[in-house]
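Letter by letter, the chains look like this.
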Amino acid sequence: MKTSLFVEYQGLQVNEKDIVAKIKEIWLNDGNKIKDIKDLKLYVKPEEFMAYYVINDDISGKIELQ
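Cut-offs applied
- Residues numbered from 1 in each chain as written.
- Predicted model: local features only at pLDDT ≥ 70, side-chain atom pairs only at ≥ 80, totals over all residues.
- Heavy atoms only, no water.
- Pairing = 2+ DSSP bridges.
- Helix = DSSP H or I, 4+ residues; strand = E, 2+ residues; numbered from the N terminus.
- Core = buried A, V, L, I, M, F, W, Y, C linked by side-chain atoms within 4.5 Å.
- Buried < 20%, exposed > 50% of the residue type's maximum accessible area, 1.4 Å probe, protein only.
- Contact = heavy atoms within 4.5 Å.
- Axes fitted to C-alpha atoms, helices over the stretch in contact; angles between N-to-C directions.

Focus: the pairing of strand β5 (residues 59-64)
(1) Moving on: The pairing of strand β4 (residues 50-55) with β5 spans 6 bridges and is antiparallel. Note that in β5 the partner of M50 across the bridge is E64.
(2) Moving on: Between the antiparallel neighbours β4 and β5 lie 3 residues, among them N56 with a positive phi of about 55 degrees.

Below is the structure:
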């Protein structure tokens, strides 16, 4: 089964795939390897236009939704 998640808020639409791609880019730019991501938790707060993430229950960060 294939699934897609979209968040819509005040004319903004983002999907899970784009959010994950941005997080992976940050991860790689920090000198890490994609294969080292074992777990990724996403928390989307559309009212803040932000997505927060936790990688491997250890590394956390946030990205702006555009």
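And the narrative resumes.
Here we look at the nonpolar core
As a rule of thumb, nonpolar side chains are buried together in soluble globular proteins.
(1) Moving on: Within the largest apolar cluster, 11 residues are counted, these being V7, L12, V14, I19, I23, W27, A51, Y53, I55, I63 and L65.
(2) Moving on: Listing elements by their share of this core, those giving two or more residues are β2 (12-15), α1 (16-29) and β4.
(3) Moving on: Residues within four places of V7 in sequence aside, it is in contact with L12, Q13, V14, V44 and P46.

What about the sheet that holds strand β3 (residues 40-45)?
(1) Moving on: An order of β3-β4-β5 is seen for the 3 strands of this open sheet, with the pairing classed as antiparallel. Edge positions in the sheet fall to β3 and β5, since each of these pairs with one other strand and no more. For this sheet, the mean inter-axis angle between neighbouring strands, taken without regard to orientation, is 20 degrees.
(2) Moving on: For β3 and β4, the ladder comprises 6 bridges, and the chain directions are antiparallel. Along β4, the bridge assignment pairs V44 with A51.

Here we look at the environment of Q66
(1) Moving on: With respect to the helices and strands, Q66 occurs in the segment after β5.
(2) Moving on: Separated by 52 residues in sequence, Q66 and V14 place their C-alpha atoms 7.6 Å apart.
(3) Moving on: When neighbours within four sequence positions are excluded, Q66 is seen to be in contact with L12, V14 and K22.

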